[in-house]
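Residues per chain, in single letters:
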Amino acid sequence: ETAVFQTPNYHVTQVGNEVSFNCKQTLGHDTMYWYKQDSKKLLKIMFSYNNKQLIVNETVPRRFSPQSSDKAHLNLRIKSVEPEDSAVYLCASSSWGEEQYFGPGTRLTVL
Amino acid sequence: TQTVSQSDAHVTVFEGDSVELRCNYSYGGSIYLSWYIQHHGRGLQFLLKYYSGNPVVQGVNGFKAEFSKSDSSFHLRKASVHWSDSAVYFCAVRSGSFNKLTFGAGTRLAVCP
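Presented here is a report on the structure given in the accompanying data block. Since this is a predicted model, take the numbers as computed values, not measurements.

Calculation criteria
Residues numbered from 1 in each chain as written. Chains lettered and ligands numbered in written order. Predicted model: local features only at pLDDT ≥ 70, side-chain atom pairs only at ≥ 80, totals over all residues. Heavy atoms only, no water. Helix = DSSP H or I, 4+ residues; strand = E, 2+ residues; numbered from the N terminus. Rg over C-alpha atoms; globule rule 2.2 N^0.38 Å. Contact = heavy atoms within 4.5 Å. Lys, Arg positive; Asp, Glu negative; His and termini not counted. Charge placed at Lys NZ, Arg CZ, Asp CG, Glu CD. Core = buried A, V, L, I, M, F, W, Y, C linked by side-chain atoms within 4.5 Å. Buried < 20%, exposed > 50% of the residue type's maximum accessible area, 1.4 Å probe, protein only. Buried area = accessible area lost by both parts, 1.4 Å probe. Salt bridge = Lys/Arg side-chain N within 4 Å of Asp/Glu carboxyl O. Polar contact = N/O pair within 3.5 Å; in protein donor to acceptor, adjacent residues only side chain to side chain. Nonpolar A, V, L, I, M, F, W, Y, C, P; charged D, E, K, R; others polar. Pairing = 2+ DSSP bridges. Axes fitted to C-alpha atoms, helices over the stretch in contact; angles between N-to-C directions.

Some details on the overall build of chain A
- The helix and strand inventory of chain A stands at 0 helices and 11 strands.
- Ordered by position from the N terminus, the helices and strands of chain A form the series β-β-β-β-β-β-β-β-β-β-β.
- In terms of overall dimensions, chain A is globule-like: its C-alpha atoms have a radius of gyration of 13 Å, near the 13 Å expected for 111 residues.
- By its C-alpha atoms, chain A is 35 × 30 × 25 Å across when sized along the principal axes.
- Considering only contacts in chain A between residues 6 or more positions apart, those separated by 24 or more positions represent 52%.
- Chain A carries 12 positive and 11 negative side-chain charges, and their two centres are separated by 5 Å.

What follows is the structure, given as structure tokens:
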């Protein structure tokens, strides 16, 4: 049963364009995350929000910016995408300190 | 600095076989270890976790894992695998005060019929 929703499923764009990905969770969790998964399946945390406050901000290029409107939503915007941004972006949520629940991911392809 | 090592990139077994997926960690703080499964084209799903108490923890679908402080390990085991267990398995350690997970590189399990 899906409880972390991500849109779109796929996105193909060209270098230099701006993209936005949406994430919504219906689990009542207070913490949300964005991960990047590369073509070798390696997972890296990018951002984490707890009660709408940014608490984890790993070393990512400044063209990436998270946007949190409330505890149930955490979007990701990428200004001026680069070829190395091609990856699957996974959103997750959790109650603080508990296991994380992941969405199905958004696959970004940059041409 | 926390690290997670999954020594086997690929494991292939036959249906009904037992399997062990290996995970070793390096972290000096409070231990919180977990395993996740990722089927092809899907997000990750939580399998089980350890943070204290009985070092053998039971998870969903017959999976269990055993924590060993002396070996710095948290290996995942299943007594009899099914073809639907074919997936990538990730070990993770939680570190710091921000609930941040560091994942291993993953082990791809292939179960042959």
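Some details on the nonpolar core
- Grouped together as the largest cluster of nonpolar side chains are 27 residues, with contacts concentrated most on Trp35, Leu47, Leu48, Phe74, Leu76 and Tyr89 of chain B.
- Going through the elements one at a time, strand 2 (10-14), strand 3 (19-21), strand 5 (33-38), strand 6 (44-50), strand 8 (64-68), strand 9 (73-78), strand 10 (87-95) and strand 12 (107-112) of chain B are the ones with two or more residues in this core.
- The element that contributes the greatest number of residues to this core is strand 10 of chain B, accounting for 4 residues.
- If near-sequence neighbours (up to four positions away) are discounted, Phe74 of chain B is found in contact with Cys23, Leu33, Ser34, Trp35, Leu48, Lys49, Tyr50, Val57, Ala65, Glu66, Phe67 and Cys91 of chain B.
- One finds Met46, Phe64, Leu76 and Ala87 of chain A within the second-largest nonpolar core, a separate group that totals 19 residues.

Some details on the interface of chain B and chain A
- In this assembly, 19 residues from chain B lie in contact with 21 residues from chain A.
- Each partner contributes to the roughly 1700 Å² buried at the junction of chain B and chain A, and carbon and sulfur atoms together form 55% of this total.
- Connecting chain B to chain A are 3 salt bridges.
- When the shortest N-O distance is used, the salt bridge between Lys100 of chain B and Glu58 of chain A registers 3.3 Å.
- For the pair chain B and chain A, the number of links is 6 residue pairs in polar contact (both at pLDDT 80 or more).
- Put simply, the parts of the chain that give the side of chain B that touches chain A at least two residues each are strand 5, strand 6, strand 10 and strand 11 (100-103) of chain B.
- Partitioned by chemical class, the residues of the side of chain B that touches chain A number 9 nonpolar, 5 polar and 5 charged.

Some remarks on the side chain of Ser93 of chain A
Residues and elements named next belong to chain A.
- Structurally, Ser93 is set in strand 9 (residues 87-94).
- Looking at Ser93, its side chain comes within polar contact range of the side chain of His29, at 2.8 Å.
- Discounting residues that sit within four places of it in the chain, Ser93 has contacts with Val4, Gln25, Leu27, His29, Thr31, Met32, Tyr33, Glu99, Gln100 and Tyr101.

Concerning the sheet that holds strand 7 (residues 64-70) of chain A
Residues and elements named next belong to chain A.
- Pairing within the open sheet is antiparallel, and its 4 strands lie in the order 1-3-8-7. Single-partner strands in this sheet number two, and they are strand 1 (4-7) and strand 7. With strand direction ignored, the average angle separating the axes of adjacent strands in the sheet is 20°.
- Here strand 3 (residues 19-25) runs beside strand 8 (residues 73-78); their pairing, made up of 4 bridges, is antiparallel. From the neighbouring strand, Val19 faces strand 8, where its bridge partner is Ile78.

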